Structure formats: structure tokens, C-alpha cells
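Here's the letter readout for the chains.
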2 protein chains.
Amino acid sequence: MHCNKVSRILPGMKPTPDPQGSLATRLQAAVQGRGQRWTEQRQLIADVLAASDGHATGAELVERVRAADPSATPSTVYRTLDLLEELGFASHHHGVDGRETYHLEEVLAHGHLHCQGCGAEVELDAAAAKPILAAIERVTGYAADLDHLSLQGRCPSCRAAAAR
Amino acid sequence: MHCNKVSRILPGMKPTPDPQGSLATRLQAAVQGRGQRWTEQRQLIADVLAASDGHATGAELVERVRAADPSATPSTVYRTLDLLEELGFASHHHGVDGRETYHLEEVLAHGHLHCQGCGAEVELDAAAAKPILAAIERVTGYAADLDHLSLQGRCPSCRAAAAR
DNA sequence: AACCTTATTGCAATGCATTGCGATAGACTA
DNA sequence: TAGTCTATCGCAATGCATTGCAATAAGGTT
Ligand SMILES: [Mn+2]
Ligand SMILES: [Mn+2]
Ligand SMILES: [Zn+2]
Ligand SMILES: [Zn+2]
């Protein structure tokens, strides 16, 4: 079955924009460039992830994919997410519970910061993270992956509260 | 059944040392101080964790606990690990796969650094981490939890390899 | 030592994620 | 268009982790 030009629009989802090379087109090229195949399922999963702007866990993506195609299975979704990461089209970080949370690389790279006291969540954009990554590099020589960065600690107000 | 003074020694494990307040004794006091109860299972789980110097995942601890007491169940082990953390006697970080990895607070606080290229693992002791935590605090105001810190990135040699 | 209160346990059901395997179907060839 | 090769899929089994619930037992009281 052909699926190359299928632009699957899910209920309540925005159509994938097509600047001069849509995500699907670039993905198809990258996948086939490795001797792999472009399938309906991969198309759908990429569309769902694109429509989930922001973050989405594997389970959430499975649910949304299955809403559009009930015959799709978790294994296919997770394997496709791994593929998208390998190809550099997606990345993940680990939420508070350690579960992987995905987003497309089109989203600006950013890290996460979670307060263990009040649960506050902060996103660290590249500019904010720069000094942190620089410190890591200075101390260890490692180039830390900002998209994967997920810090836990105490926010200023929880610190103040703790200090009596 | 009494278990207060039971010092359960597992095959191949070192007896819990008893400086002037053994771990078990301090734990029992902390638990009972909250109106909770000191049980055989908690004793055993604490002993197993103490004997697992270094890191151990939940599943590993479950396995070791069940080796000593086959009637123990995963739910009890995980609930006890949560309790030990609440009481400040243990902490966890997330391994590469996001799974929680536990250690007793007696182990010196340290963070983790993992190379996504070659899989190298580095431990960051408090001194090494200091500038990193300082940068996080400067930028965000957060006091990051060193024990929970788990960074991913590229080690120097993988970076060099990537740069042609 | 027998008795109470209720925190804790084991169990069973549930959910998330991964893997091996046989069936299906991309994508290339003729 | 029909045919071939094999990457990918769905399935089913497995493992890790969490939760509600009824039975058990910790630990204080009489
Ligand atoms: Mn955590
Ligand atoms: Mn990860
Ligand atoms: Zn806070
Ligand atoms: Zn490396």
C-alpha cells in the first residue's frame, strides 16, 4: 500500500506544515537513505508526535496513535520512537518518574528542572543552560546533552521555607 | 514476632557494622518516631541494601531480598525503599534506562555522568560537582540534588572521534 | 499474658516497556 | 504489472513497578 504522500490529519490536530521539505518528506528520505522503509505506521507516528507539540510520554503517544489506528501496537510505536531518535528527528528526557518523554527536534533544545518540594517545573532554554553545560565541560570534559538534561532539586521558595 | 535485635546476615554479605548506633537501630528509631512500625521485612530490606554497597536497582534488591526470604514481595520492597528515602536513609538516581537505582546515604553523595557514545560511566563526587551545582544555582536559584544528578553526553574521546 | 488498634504485608490486577518470532508488506527488479 | 527479498509489523510472552484490598502482626494497653 502506498503511503508516501498521505498526510494523515488527526482529529483536533494541526496539519503538518510544509515549508519546503515537510517533516514527513525529510524523514522518509533519512529512513530510506539507510536502506530502511517508509511505512504507514511510521508516517502516522511521526504525525502524532508532531501534533503533540511540547512533550509526550511513550504511553501517551501509543494512546494517540491507537486512537487513529487501533491496529497499531505499542511495540511499533516504541521502536519507531527509537528510530526517530537515531535519525536525530526526536529526543527524549526522563520525567520525574524516570519515564521517557519525547519531543521532536524541531522544538528548541531545552533542559528540565523539577522541584522536589513543590513539584514546580522549569524549562531551561539553551541560553540559560549555557553556563551549566560550560561548568560540566570544564569539570569533566563531557559535552552534556541539553535535551536529555533533567535536574531535580529545591526551588528558591522551597529552600527559603526549609531554612525556617 | 520480635525482630528488633535480629541481625540478618545474608550469604556472601558482610555483617552490618555497629559503630555506636547501627543503621538498623537508627532506622528503627526513625520509623517508630513517626508512629510507624519496625518489621522483619524492613530489617531485611535495609540489610540487603546495606550489603549492596554501591548501586542497586529495585529489581536487583527484590531479587536479593527474595533470595533471603522467598515470601517477601516486590510491593513491600518498593514501598520500603520509598520509606527509606523519605527518612533520608537512602536515595536514588536514574540509570541510563531511567530506572531508579538506590544507595544508602552512608555512601558519599555523588552524581553520575554517562557517555552516549561509548557508554562510559563517571561518578562525580561532591568536590567535582561543586562548580556544576553552583552554576545551576546561579542560573536558576535551585539547589540541585547531587545524589539524583544523572547527566548524559559525550565523553572527550567520543567528542574527538566525532570531530573527524 | 491476653487484647486492641491500625500500620503493614502479600496478593492479584493493572499499566508501562521490551523482545523473539512468524506473517505482512515496502521497495526494488525484470 | 508481477515477482523477489527482507525490513517491519502485530502478537504474545516477559519483566519491571504500582496500587487497592483483605489478612496479618507490630506495639502499646489492660
Ligand atoms: Mn527520581
Ligand atoms: Mn535517556
Ligand atoms: Zn519548590
Ligand atoms: Zn564516550
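What this report covers is the structure whose coordinates are included nearby. As the structure is a computational prediction, the values presented were derived from the model and not from experiment. (Residues numbered from 1 in each chain as written. Chains lettered and ligands numbered in written order. Predicted model: local features only at pLDDT ≥ 70, side-chain atom pairs only at ≥ 80, totals over all residues. Heavy atoms only, no water.)

## Regarding the packing of helix α2 (residues 40-51) of chain A against helix α4 (residues 74-86) of chain A
The description of two packed helices rests on the angle between their axes and on the distance between the axes.
Residues and elements named next belong to chain A.
Thought 1: The N-to-C vectors of α2 and α4 enclose an angle of 75 degrees; their axes lie 10 Å apart at closest approach. It follows from the interaxial angle that α2 and α4 lie roughly perpendicular. Between α2 and α4, the contacting residues are Q41, R42, I45 and L49 on the first element and T76, V77, T80, L81, L83 and L84 on the second.
Thought 2: Each residue belonging to the contact of α2 with α4 can be placed in one class, and the counts come to six nonpolar, three polar and one charged. (Axes fitted to C-alpha atoms, helices over the stretch in contact; angles between N-to-C directions. Helix = DSSP H or I, 4+ residues; strand = E, 2+ residues; numbered from the N terminus. Parallel < 35°, antiparallel > 145°, perpendicular 65-115°, else oblique. Contact = heavy atoms within 4.5 Å. Nonpolar A, V, L, I, M, F, W, Y, C, P; charged D, E, K, R; others polar.)

## Describing the sheet that holds strand β1 (residues 56-57) of chain B
Residue and element names in this part refer to chain B.
Thought 1: Here three strands make up an open sheet; going across it, the order is β1-β3-β2 and the pairing antiparallel. Two strands in the sheet have a free side with no partner beyond their single neighbour: β1 and β2 (90-94).
Thought 2: Of the pairings in the sheet, the one linking β2 to strand β3 (residues 100-104) comprises five bridges and is antiparallel in character. The residue bridging H93 from the neighbouring strand is T101, located in β3.
Thought 3: Contacts from helix α4 (residues 74-86) reach β2 and β3, with the element oriented near 110 degrees to β2. (Pairing = 2+ DSSP bridges.)

## Observations regarding the coordination of the manganese ion (ligand 2)
All names here are of chain A.
Thought 1: For the manganese ion (ligand 2), the full set of protein donor atoms is H92 (NE2), H94 (NE2) and H148 (NE2), and the range of their distances to it is 2.1 to 2.2 Å.
Thought 2: Each donor residue of the manganese ion (ligand 2) lies on the same chain, and together they follow the pattern H-x1-H-x53-H. One end of the pair, H94, is in strand β2 (residues 90-94); the other, H148, is in the loop between β6 (143-144) and β7 (150-154), and 54 residues separate them in sequence. (Donors = N, O, S within 2.8 Å, 3.2 Å for Na, K, Ca; no water.)

## Some points on the pattern of salt bridges
Thought 1: A full pass over the atoms with the stated rule returns eight salt bridges over all chains.
Thought 2: Two residues, D97(A) and R99(A), come together in a salt bridge whose shortest N-O distance is 3.8 Å.
Thought 3: Its relative accessible area of 53% is what places R99(A) among the exposed residues.
Thought 4: Residue R26(B) pairs with E106(B) through a salt bridge whose shortest N-O separation is 3.0 Å. Here E106(B) lies in the loop between β3 and β4 (110-115) and R26(B) lies in helix α1 (residues 23-33), a separation of 80 residues in the sequence. (Salt bridge = Lys/Arg side-chain N within 4 Å of Asp/Glu carboxyl O. Buried < 20%, exposed > 50% of the residue type's maximum accessible area, 1.4 Å probe, protein only.)

## Describing the relation of the copies chain A and chain B
Thought 1: When chain A is fitted onto chain B, the two copies agree to an RMSD of 0.0 Å after a turn of 180 degrees and an axial shift of 0.0 Å. What we have between these two chains is a two-fold relation. Scanning chain A for the C-alpha nearest the rotation axis identifies G98(A), at a separation of 2.3 Å.
Thought 2: Interface overlap between copies: 100% of the residues of chain A at the interface are likewise at the interface in chain B, consistent with a symmetric, same-surface contact. (Least-squares fit on C-alpha atoms with pLDDT ≥ 70 in both.)

## Examining the coordination of the zinc ion (ligand 3)
Residues and elements named next belong to chain A.
Thought 1: At 2.2 to 2.4 Å from the zinc ion (ligand 3) lie its protein donor atoms, namely C115 (SG), C118 (SG), C155 (SG) and C158 (SG).
Thought 2: The site at the zinc ion (ligand 3) holds four donor atoms, and with the angles between them running 104 to 113 degrees, its shape is tetrahedral.
Thought 3: Mapped onto the polypeptide sequence, the residues donating to the zinc ion (ligand 3) form the spacing pattern C-x2-C-x36-C-x2-C.
Thought 4: The class for C118 is partly exposed, based on a relative accessible area of 47%. (Tetrahedral: all angles 85-135°; square planar, octahedral: opposite > 155°, others 65-115°.)

## Some points on the interface of chain A and chain B
Size of an interface: often given as the accessible area lost when the parts come together.
Thought 1: Opposite the 33 residues of chain A that make contact, chain B presents 33 residues.
Thought 2: Approximately 2,600 Å² of surface area, both sides summed, lies buried where chain A meets chain B, with 66% of it carried by carbon and sulfur atoms.
Thought 3: For the interface between chain A and chain B, the tally reads two salt bridges.
Thought 4: E137(B) serves as the salt-bridge partner of R159(A), at 3.6 Å between the closest nitrogen and oxygen.
Thought 5: The interface formed by chain A and chain B includes eight residue pairs in polar contact (both at pLDDT 80 or more).
Thought 6: Contributions of two or more residues to the side of chain A that touches chain B are made by β4 (110-115), β5 (121-125), α5 (126-140), β6, β7 and α6 (156-162) of chain A.
Thought 7: If one sorts the elements of the side of chain A that touches chain B by residue count, α5(A) sits on top with eight residues. (Buried area = accessible area lost by both parts, 1.4 Å probe. Polar contact = N/O pair within 3.5 Å; in protein donor to acceptor, adjacent residues only side chain to side chain.)

## A short note on α1(B)
Residue pairs spaced three or four apart in an α-helix point in one direction, given the helix's 3.6 residues per turn.
Residue and element names in this part refer to chain B.
Thought 1: Within α1, the full set of buried residues consists of L23, A24, L27, Q28 and V31. Viewed along the axis of α1, the buried residues span an arc of 125 degrees, placing them on a single side of the element.
Thought 2: Buried residues belonging to α1 abut α2 (40-51), α4 and β3.
Thought 3: Of the residues trailing α1, G35 is marked for its positive phi of about 75 degrees. (Arc of directions from axis to C-beta.)

## Considering the sheet that holds strand β6 (residues 143-144) of chain B
Thought 1: The sheet built from four strands is open, its strands ordered β5(A)-β4(A)-β7(A)-β6(B) with mixed pairing. Since the sheet does not close on itself, it has two edges, and those belong to β5 of chain A together with β6 of chain B, each with one partner.
Thought 2: Pairing geometry for β4(A) and β7(A), over four bridges, is parallel. What sits directly across from L113(A), in β7(A), is L151(A).

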